[in-house]
Amino acid sequence: MEITAANVWMMVSAALVLLMTPALGLFYGGMTRAKASLNMVMMSFVSAGIVGVVWVLWGYSMSTGEGILGLFGNPFASFGLNGLMGTPELIKAGFAGTFAILTVALISGAIADRAKFTAWVVFVPLWITSVYCPLAFMIWGGGLMSQGGAVTAVFGQVIDFAGGAVVEISSGIAALVLALIVGKRHGFGKDPGHRPHNVPFIMLGAGLLWFGWFGFNAGAATTAEQAGLIWVNTLVTPCAAMLSWLLTEKVRHGHPTSLGAASGAVAGLVAITPSCANISPLAAVGLGLVSGVASALFVELKFKYGYDDSLDVVGVHLGSGLVGTLALGFIALPVDGQGGGLFYGGGLQQLIAQTVAVLITLTLSGLMTAIIGVGIHKTIGFRVSHGDEVAGVDRSEHAESAYEFGGLAPSQFHPQRQHIDAATSVLPEEALEDADDLRRVATSV
């Protein structure tokens, strides 16, 4: 069978989506403190490593194909993807796997600065297996909320083209639950040191996320007309959301910020994810304006209610995920003159279907995340010690430092794998001499 343009486009899109995970690492790494930035990048990278293996072994089988009670696919139906050998479905399997990788990586930002890396490594495969795969099956793979599913038969067809519920809401509520289980950082809401340490990294990460999102949303397009609509909507919604977030910052705090611009763009991307193929460009502008304001306000709730969502995963991904998914009940375009949202005379049916999908997603992801998170926290522990948090999780968890300033800030990592204990390490004599020289120069100046 010859390769087609559609095959090539899906493979290119898969590569774009895969790029989004290291881009997320940059985005999150810049938002946290310098002494925890490598840990954030590593949490994204290891998510790719773990999920890639899980996806081949049983993840893809659980998200598609032969179903069990409409809840998840048979994990052994295509175990190891052996049954897909010699078919173009392998391309689809690879494309779908990149979504799973990104989804679980999104959660990590809520527990920045204070989570054990080992605990995260245990959490990732458990969450993908018990939350992501069942949701993907239920909505995309022939399950309860797919066409012909039991929930669809009662409440109507759910629209979730690229993952408003499967990706954004599921990761957003999981982030909230995990943040509550792990607890607040020391000095949360009071310590100015919790500010982002590298804003250019944040902007670069957001830009790469935006770039990859065109593959994320348009990778499954089946016609040129649909692809064009998705592309334009993926362009314009984050543009509008960025502007409305900046305006909200200006009105509430007096200054539009670079972090706000990056966060606003991501909020818009989140909002357009479920509806990218089902709303007009004009509606996409309106959706972006609403999602930018909503997420900017949603982010501030953590200070009001006291949950430490370190890098605003809840505010951006849960907040805009809810806005984008429920907005389809109002602005979804009719199909062949039938259905559509309230603004197109479609009645309440689409809003009801979207609401049911949201409730099922919140319940499944929230409950399973709580079970997994509490189980890990009560056994191996999910949180590092107070001393390790103060010293920085880059050192305690990875024996590395993101920034090396000559002999003045030696890393714990040695080329010969000789790890120095952070609590007892001292500067070498040469480094101390260099430091004295620098102090003398500074004093003389």
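**Description of the overall build of the protein**
Right, so step 1: Of the regular secondary structure elements, the protein holds 16 helices and 2 strands.
Right, so step 2: Here the C-alpha atoms of the protein give a radius of gyration of 23 Å, agreeing with the 22 Å that 2.2 N^0.38 yields for 445 residues.
Right, so step 3: Here the C-alpha coordinates of the protein stretch approximately 80 × 55 × 45 Å along the principal axes.
Right, so step 4: Within the protein, the fraction of its 445 residues that count as buried is 52%.
Right, so step 5: For the protein, the share of sequence-separated contacts (at least 6 apart) that also reach a separation of at least 24 residues comes to 73%.
Right, so step 6: Carbon and sulfur atoms provide 68% of the accessible area of the protein, an area that totals close to 19,000 Å².

**Notes on the packing of helix α10 (residues 281-299) against helix α12 (residues 313-331)**
Right, so step 1: Closest axis-to-axis distance for the α10/α12 pair is 9 Å, and the angle between their directions is 145°. In terms of crossing hand, the pair formed by α10 and α12 is right-handed. Every residue of α12 that contacts α10 at A283, L287, V290, S291, A294, S295, F298 and V299 is listed here: V314, G315, V316, L318, G319, S320, V323, G324, A327 and I331.
Right, so step 2: Residue classes in the contact of α10 with α12 are distributed as 12 nonpolar, 6 polar and no charged.

**Here's the deal with unusual backbone geometry**
Right, so step 1: Non-glycine residue L81 carries a positive phi angle of around 60°.
Right, so step 2: Within the secondary structure, L81 sits in the loop between β2 (72-73) and α3 (89-107).
Right, so step 3: Here L81 falls in the buried class, since its relative accessible area comes to 10%.
Right, so step 4: Phi at D336 takes a positive value of approximately 55°, unusual for a residue other than glycine.
Right, so step 5: Of note, D336 is situated in the loop between α12 and α13 (349-379).

**Considerations on the pattern of salt bridges**
Right, so step 1: According to the stated counting rule, one finds 7 salt bridges in the structure shown.
Right, so step 2: Between E300 and R252 there is a salt bridge whose closest N-O contact spans 2.7 Å. With E300 in the loop between α10 and α11 (301-305) and R252 in helix α8 (residues 224-253), this pair connects stretches of sequence that are 48 residues apart.
Right, so step 3: On the basis of relative accessibility, which here comes to 46%, the residue R252 falls in the partly exposed class.
Right, so step 4: Note that R383 and E389 form a salt bridge whose closest N and O atoms lie 3.0 Å from each other. The burial state of R383 is the same as that of E389; both residues are buried.
Right, so step 5: One network of salt bridges, in which partners are shared, links R33, D113, R114, R185 and D308.

**Some thoughts on the nonpolar core**
Right, so step 1: Membership of the largest hydrophobic core comes to 113 residues, with the highest contact counts inside it found for F27, W120, F123, W127 and Y132.
Right, so step 2: With 14 residues, helix α4 (residues 117-140) is the largest single contributor of residues to this core.
Right, so step 3: If sequence neighbours within four positions are ignored, W127 has contacts with T103, V104, I107, Y132, S170, S171, A174, S365, T369 and I372.

**Observations concerning empty space enclosed by the protein**
Right, so step 1: Evaluated as defined, the whole model comprises 1 cavity of 30 Å³ or more.
Right, so step 2: Of the voids in this model, the largest cavity is the one considered here, and its volume is about 60 Å³.
Right, so step 3: F27, Y28, M31, S263, V266, L311, D312, V313, V316 and H317 together form the lining of the largest cavity.
Right, so step 4: Only α1 (5-31), α9 (258-272) and α12 provide two or more residues apiece to the lining of the largest cavity.

**Regarding a nonpolar patch on the surface**
Right, so step 1: Side chains of V154, F155, F330, L342, F343, Y344, L348 and I352 sit close together on the surface and give an oily, nonpolar patch of about 750 Å² of accessible area.
Right, so step 2: If you trace the backbone, F343 turns up in the loop between α12 and α13.
Right, so step 3: What makes F343 exposed here is its relative accessible area of 63%.

**Quick notes on the side chain of H194**
Right, so step 1: By the secondary structure assignment, H194 is in the loop between α6 (164-182) and α7 (199-218).
Right, so step 2: The exposure class assigned to H194 is buried, which follows from its relative accessible area of 14%.
Right, so step 3: Within the structure, H194 has its side chain in polar contact with the backbone oxygen of H186 (distance 3.3 Å).

Rules and cut-offs
- Residues numbered from 1 in each chain as written.
- Predicted model: local features only at pLDDT ≥ 70, side-chain atom pairs only at ≥ 80, totals over all residues.
- Heavy atoms only, no water.
- Helix = DSSP H or I, 4+ residues; strand = E, 2+ residues; numbered from the N terminus.
- Rg over C-alpha atoms; globule rule 2.2 N^0.38 Å.
- Buried < 20%, exposed > 50% of the residue type's maximum accessible area, 1.4 Å probe, protein only.
- Contact = heavy atoms within 4.5 Å.
- Areas by Shrake-Rupley, 256 points an atom, 1.4 Å probe, with all protein chains shown as cover.
- Axes fitted to C-alpha atoms, helices over the stretch in contact; angles between N-to-C directions.
- Left-handed = near helix turned anticlockwise from the far one by under 90°.
- Nonpolar A, V, L, I, M, F, W, Y, C, P; charged D, E, K, R; others polar.
- Salt bridge = Lys/Arg side-chain N within 4 Å of Asp/Glu carboxyl O.
- Core = buried A, V, L, I, M, F, W, Y, C linked by side-chain atoms within 4.5 Å.
- 1 Å grid on protein atoms, 1.4 Å probe; cavity = no way out; pocket = protein on both sides within 12 Å on 5 of 7 lines; lining within 4 Å.
- Points joined across faces, edges and corners; volume = space filled by probe spheres on them.
- Patch = residues over 30% accessible without salt bridge, like charges linked within 9 Å, V, L, I, M, F, W, Y side chains within 5 Å.
- Polar contact = N/O pair within 3.5 Å; in protein donor to acceptor, adjacent residues only side chain to side chain.

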